[in-house]
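Close look at the chain arrangement
The primary structure of each chain is shown beneath.
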Amino acid sequence: MDLNYSDEELVFRDEIRSWLAANLPQDLREKVETYAELTRDDLMRWHRILAQKGWVAPSWQKEWGGTDWTPVQRNIFEEECGFASAPPLMLFGLHMCGPVLQRFGTQAQKERFLPRIYNGDDFWCQGYSEPGSGSDLASLKTRAERQGDHYVVNGQKIWTTLAHYADWIFCLVRADPSTDKKQDGISFLLIDMKTPGITVRPLMLMDGVRHVNEVFFDDVKVPVENLVHEEGKGWTVAKYLLGHERMSAGRTGVSKRELAKLKELAASQPGNDGKAIIEDPHFRAKLTRLEVELMALEITNLRFLDEMRRTGQPPGADVSMLKIKGTEIQQTLTELMMRAADPADLEKYEVLARRYFNMRKTTIYGGSNEVQRNIIAKMTFGL
Amino acid sequence: MNFESNEEQRLLTDSVRRFIDKDYDFEKRRKIIASPEGWDSNAWAALAEMGVTALALPAEYDGFDGGAVDLMGIMEAFGAGLVVEPFLPTVLAGRLVMAAGSEAQRRAILPRVASGELRLAFAHLERGARFDLSRVGAEAKRTGDAWTISGEKRAVVGAPVAGKLVVSARTPSGLGLFLIDTQDAELKRHATVDGMRVADVLLFNAKAELLGDGAATLAKIEEVNDFGTALVCAEAVGAMKYACDTTLDYLKTRKQFGVTIGSFQALQHRMVDMYIASELSRSMTCLACSKVDATGDAKERAHAVSAAKIKISDSARLISQEAVQLHGGMGMTEELKVSHTFRRLTVIAEQFGDEDYHLTRFGAL
């Protein structure tokens with residue numbers, strides 16, 4: 001057993017680290033570090049810098065711009081980006097639509113969409129959840145009716161992250177409402193956000209920022225060539241995506257950076273006895289428990305990567321534990337930051353409180369943590 | 001990076017597991033802990049035969065140059081099987097002889113430990129010291145070249161069956177480690193709540209031999225204590241794995257309201273949380289064992305070991321409590337092994353420092 005990176009991996013890490021130091025724009029770094037809202041331009045600027053370097057989609061197939069890195073190298077890259085306070089990459093195109101097209105798309109679809117995703121020409125969003133279909137995603141009702149060479153889409157999506165920035169949306173829709181199994185009638189459609197009949201309405205979250213939207217479809221005409229995989233096979237595509245999503249949900253790099261910031265903050269904020277709050281034994285114990293959880297998550301993540309390396313297989317259902325622990329840790333980080341802040345410093349407190357509010361979403365999205373527990377209970381335990 | 005065991009580790013762990021499956025099942029263990037001696041010399045001989053007692057000692061003293069990582073799988077098997085033989089105390093005291101003893105002392109003691117002929121125990125804990133390793137009241141007196149020790153050591157694991165004891169005591173120049181023959185001490189024997197045998201060791205001018213020159217004793221005790229902590233974490237991982245597995249079996253077989261209780265989501269989610277706690281504990285044990293083996297830096301070692309013990313103590317409590325709860329009334333009975341696993345995990349949560357002690361230690365690093 002050896003928990004250390006190999007010499008080659010360390011060289012790789014140093015290469016990533018020094019490139020990030022030289023190429024991550026200072027203003028973007030500062031925005032990330034102060035939790036300022038990132039505009040579409042901010043997000044796409046960073047996307048294009050990475051695209052130019054050839055590092056924007058490491059896990060893609062080589063012919064479409066993948067880097068051929070090992071799982072461990074990809075993990076190092078993600079950790080280093082997080083640790084350097086790089087803006088998040090917009091995963092809907094890069095980690096979701098892109099891999100789906102490579103796995104299930106036609107050659108024409110690949111050629112049409114993949115280069116534009118890679119280069120950051122199109123901004124994508126994800127049309128999964130509906131008002132009546134959250135954790136029970138397969139019960140979705142948005143209807144796509146075949147009329148000649150078009151589908152006509154009617155219905156509503158909700159929680160659509162950054163739909164107001166998006167050029168395209170990939171949607172789960174119901175093309176056949178008559179199937180016995182609700183999973184069987186679902187199809188995966190790519191829809192141009194400029195199509196007539198689409199309305200995007202903001203949903204303000206409790207941090208007071210517009211992150212998510214409702215998207216309404218009213219007789220929206222979508223060419224049949226925008227169907228991915230076969231009609232009625234959308235659930236297969238959706239499941240493939242969810243597996244992809246959970247693996248990167250641990251976000252250890254970002255959490256390590258936030259932990260360092262939390263320690264710095266706690267050392268600078270007053271406790272009740274005039275010493276810094278980090279000296280307070282109650283606060284300190286919470287901080288230490290959190291740090292230990294993060295160490296445990298990090299090593300568990302490496303164990304999954306090691307297994308992927310050895311077996312050449314994607315991780316099984318157990319990877320849900322990374323999502324559960326990773327999001328719990330992200331939330332506790334924001335909670336302790338808010339609690340560390342001097343309550344007399346309203347401005348600081350407000351920024352941290354809003355961040356705490358916002359991060360409550362992490363245990364709800366991407367399959368709520370309760371759904372993740374269901375997955376382990378069913379797939380790992382056979383319950 | 002690589003989390004796999006090597007060929008040698010796998011082979012040895014497999015033979016220990018096979019031995020436990022075949023010759024150390026739950027019934028056998030019940031007989032052992034109910035016997036007056038509270039341990040089984042045949043089981044000890046079998047482990048020695050496999051090389052377990054020699055593993056963590058240097059080759060020049062008939063050992064196999066192994067470390068904590070080499071012992072991980074074995075400790076896990078001991079945890080799953082609730083093995084009570086005094087392996088851990090013997091290893092720890094043996095490593096203290098290695099760390100503090102002169103060449104002649106090592107040569108006299110360690111090959112006998114490696115062969116399994118000599119068992120040792122480390123007599124350190126005193127009343128009121130709790131987990132603070134530096135608090136030692138026992139005193140060593142020197143007359144010419146000869147030393148004697150007076151003091152009272154408490155709850156010394158393995159002392160009832162140890163031939164020799166490594167004893168910590170104050171000398172005029174600081175803390176020292178001494179070797180005494182167990183027969184020169186007065187022992188008050190006890191069986192602990194987890195079925196282990198311990199003794200209070202009462203020393204009245206007991207004849208003692210100073211190990212080495214007595215320098216840097218506390219640092220040596222800390223290092224060996226961290227080694228022991230990492231090993232007991234591995235033992236806990238084995239016990240937790242057993243508790244999870246047997247609880248899952250129970251969820252799949254026990255029926256109430258006409259269905260297996262594993263069909264209830266309230267129980268499924270608790271089972272998942274137990275499982276996650278046990279996997280994260282395994283990760284932290286990997287970290288602790290590799291750091292005690294690989295690093296020469298005391299701070300880095302303490303950082304990893306305390307972090308691991310915090311996680312293991314928390315998880316041991318969560319998993320043992322939930323395992324009993326999900327077994328319902330049956331989990332409370334002596335008849336089921338899970339109640340014995342509960343007891344061992346309760347003791348492990350405290351052994352080598354509970355989570356409060358390690359939270360403070362980690363926070364101060």
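Parameters at a glance
- Residues numbered from 1 in each chain as written.
- Chains lettered and ligands numbered in written order.
- Predicted model: local features only at pLDDT ≥ 70, side-chain atom pairs only at ≥ 80, totals over all residues.
- UniProt positions renumbered as here; feature names shortened; annotations may be inferred.
- Helix = DSSP H or I, 4+ residues; strand = E, 2+ residues; numbered from the N terminus.
- Rg over C-alpha atoms; globule rule 2.2 N^0.38 Å.
- Buried ≥ 20, exposed ≤ 12 C-beta atoms within 10 Å, placed from the backbone.
- Contact = placed C-beta atoms within 7 Å.
- Core = buried A, V, L, I, M, F, W, Y, C linked by C-beta atoms within 7 Å.
- Pairing = 2+ DSSP bridges.
- Nonpolar A, V, L, I, M, F, W, Y, C, P; charged D, E, K, R; others polar.

Chain B carries the name Pimeloyl-CoA dehydrogenase small subunit in an unreviewed UniProt entry, which gives Aromatoleum toluolicum as its organism. Checking UniProt for chain B, the heading Sequence similarities (unreviewed entry) contains the comment "Belongs to the acyl-CoA dehydrogenase family." Under the UniProt heading Cofactor (unreviewed entry), the note attached to chain B is "FAD".

As recorded in an unreviewed UniProt entry, chain A goes by the name Pimeloyl-CoA dehydrogenase large subunit, listed as coming from Aromatoleum toluolicum. The annotation that UniProt attaches to chain A under Sequence similarities (unreviewed entry) is "Belongs to the acyl-CoA dehydrogenase family."

**Topic: the overall build of chain B**
Each helix and strand counted, chain B has eleven helices and nine strands in total. For a compact globule of 365 residues, the expected C-alpha radius of gyration is about 21 Å, and chain B comes in at 21 Å, within 12% of that figure. Expressed along its principal axes, the backbone C-alpha trace of chain B runs to roughly 80 × 45 × 45 Å. When the 365 residues of chain B are sorted by exposure, 52% land in the buried category. When contacts within chain B are restricted to residue pairs at least 6 apart in sequence, those whose partners lie at least 24 apart make up 74%.

**Re the nonpolar core**
Membership of the largest hydrophobic core comes to 156 residues, with the highest contact counts inside it found for Ile149, Leu165, Val166, Phe178 and Ala230 of chain B. When residues in this core are grouped by element, the largest group, 18 residues, is from helix α7 (residues 217–253) of chain B. Formed by 53 residues, the second largest nonpolar core is a distinct cluster that contains Trp60, Cys81, Leu101 and Ile186 of chain A.

**A look at the pairing of strand β2 (residues 143–147) of chain A**
Residue and element names in this part refer to chain A. Examined bridge by bridge, β2 and strand β3 (residues 150–161) share five bridges and lie antiparallel to one another. Looking at the pairing, Arg146 lines up with Tyr151 of β3. Connecting the antiparallel pair β2 and β3 is a turn made up of two residues, with Gly148 showing a positive phi of about 65°.

**Thoughts on the UniProt feature "domain: Acyl-CoA dehydrogenase/oxidase N-terminal" (unreviewed entry) in chain B**
This chain's UniProt record puts "domain: Acyl-CoA dehydrogenase/oxidase N-terminal" (unreviewed entry) on residues 6–117 of chain B. Between the first and last C-alpha atoms of residues 6–117 of chain B the distance is 28 Å; the span itself is 69% helix and 0% strand.

**Considerations on the interface of chain B and chain A**
Facing the 29 residues of chain B at the interface are 28 residues of chain A. Those elements giving two or more residues to the side of chain B that touches chain A turn out to be α7, α8 (265–294), α9 (298–327) and α11 (355–364) of chain B. Of the residues forming the side of chain B that touches chain A, the biggest block, 13 residues, is contributed by α8 of chain B. In the side of chain B that touches chain A, the residues fall into 17 nonpolar, nine polar and three charged.

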